[in-house]
Amino acid sequence: MLVIRQKQLDALGVARRETLIADLVQNVRRKDPMLRDADRDALFGVASRALDLALTHGFIVLDHQLRFAELLLAAGETALELPGASAILADESSSGAARLDRMEALVKEQ
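This section reports on the structure supplied with the text. Here the structure is a predicted model, which means the values were calculated and not measured.

Rules used throughout
Residues numbered from 1 in each chain as written. Predicted model: local features only at pLDDT ≥ 70, side-chain atom pairs only at ≥ 80, totals over all residues. Heavy atoms only, no water. Axes fitted to C-alpha atoms, helices over the stretch in contact; angles between N-to-C directions. Helix = DSSP H or I, 4+ residues; strand = E, 2+ residues; numbered from the N terminus. Parallel < 35°, antiparallel > 145°, perpendicular 65-115°, else oblique. Left-handed = near helix turned anticlockwise from the far one by under 90°. Contact = heavy atoms within 4.5 Å. Nonpolar A, V, L, I, M, F, W, Y, C, P; charged D, E, K, R; others polar. Phe/Tyr/Trp six-rings, centres within 6.5 Å; stacked < 30°, edge-to-face > 60°. Lys NZ or Arg CZ within 6 Å of the ring centre and 35° of its normal. Salt bridge = Lys/Arg side-chain N within 4 Å of Asp/Glu carboxyl O. Polar contact = N/O pair within 3.5 Å; in protein donor to acceptor, adjacent residues only side chain to side chain. Core = buried A, V, L, I, M, F, W, Y, C linked by side-chain atoms within 4.5 Å. Buried < 20%, exposed > 50% of the residue type's maximum accessible area, 1.4 Å probe, protein only. Expected span 1.5 Å × (residues − 1). Arc of directions from axis to C-beta.

Side note on the packing of helix α2 (residues 40–56) against helix α3 (residues 62–75)
Alright, step 1. For the pair α2 and α3, interaxial distance at closest approach is 8 Å and the crossing angle is 130°. Between α2 and α3, the angle is such that the two are oblique. Relative to α3, α2 is oriented so that their crossing is right-handed. Of α3, the residues touching α2 (which contributes L43, V46, A47, A50, L51, L53, A54 and L55) are Q65, L66, F68, A69, L72 and L73.
Alright, step 2. Of the residues that constitute the contact of α2 with α3, the class distribution is 13 nonpolar, one polar and no charged.

This is the structure:
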């Protein structure tokens, strides 16, 4: 019988999150020439915070969390302060994908 203790589960969660962040940073660096030479550790910190913010704003689907984090890595957290951003993110009647589409359009307008 396999017994997994809480510490082991926690360690698996941390390892998975670190892998997600590493993949996210690699993907963003590949897409955005301005971020290719950015400090890796700094990008990891921003990516980690962006994933936390994704949860704060109700993005529960992993793909949506990653997409939100990519948006913040590319545009910066100031994207959250753009006129209309708060309303978009608070709109519980829209799906996560729809809110992300609207946030991306808002960022492109700036």
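So, next bit.
Let's talk about the packing of aromatic side chains
Alright, step 1. Applying the stated criterion to the full structure yields one aromatic pair.
Alright, step 2. Cation over ring: R99 sits above F59, and NZ or CZ is 4.2 Å from the ring centre.

What about the packing of α3 against helix α5 (residues 96–109)?
Alright, step 1. One can describe the packing of α3 onto α5 by two numbers: an axis separation of 10 Å at closest approach and a directional angle of 10°. With respect to α5, the axis of α3 lies roughly parallel. Across from H64, R67, F68, L71 and A75 in α3, the residues of α5 making contact are G96, A97, L100, D101, M103, E104 and V107.
Alright, step 2. Partitioning the contact of α3 with α5 into residue classes produces seven nonpolar, two polar and three charged.

Focus on the pattern of salt bridges
Alright, step 1. Summed over all chains, the structure comprises six salt bridges.
Alright, step 2. For R17, the salt bridge identified is with D52, shortest N-O distance 2.9 Å. Here R17 is found in helix α1 (residues 6–31), whereas its partner D52 is found in helix α2, with 35 residues between them in sequence.
Alright, step 3. Taking the shortest distance from any N to any O, the salt bridge between R102 and D91 comes out at 2.9 Å. Taken as a pair, R102 in helix α5 and D91 in the loop between α4 (85–90) and α5 lie far apart in primary sequence, 11 residues in all.
Alright, step 4. Each of R67, D101 and E104 takes part in one network of salt bridges that share partners.

Quick word on the side chain of D91
Alright, step 1. Here the side chain of D91 touches S93 through a polar contact of 2.5 Å, side chain to side chain.
Alright, step 2. Engagement of the side chain of D91 in a polar contact is seen with the side chain of R102, the distance being 2.9 Å.
Alright, step 3. In contact with D91, not counting residues within four places along its chain, are R99 and R102.

Quick word on the nonpolar core
Alright, step 1. Ranked by size, the top nonpolar core spans 28 residues in total, and within it L24, F68, L72 and M103 carry the most contacts.
Alright, step 2. Elements with a contribution of two residues or more to this core: α1, α2, α3, α4 and α5.
Alright, step 3. For L72, the residues in contact, after removing those within four places along its chain, are A50, L53, E77, A79 and L80.

Focus on α5
Alright, step 1. Helix length check: α5, at 14 residues, gives a terminal C-alpha distance of 20 Å against a target of 20 Å (1.5 Å per residue), a fit within 8%.
Alright, step 2. Buried within α5 are the following residues: G96, R99, L100, M103 and L106. End-on view of α5: buried residues confined to an arc of 120°, all on one side of the axis. Exposed residues lying more than 90 degrees from the buried face of α5 are K108 and E109.
Alright, step 3. If you follow the buried residues of α5, they end up packed against α3 and α4.

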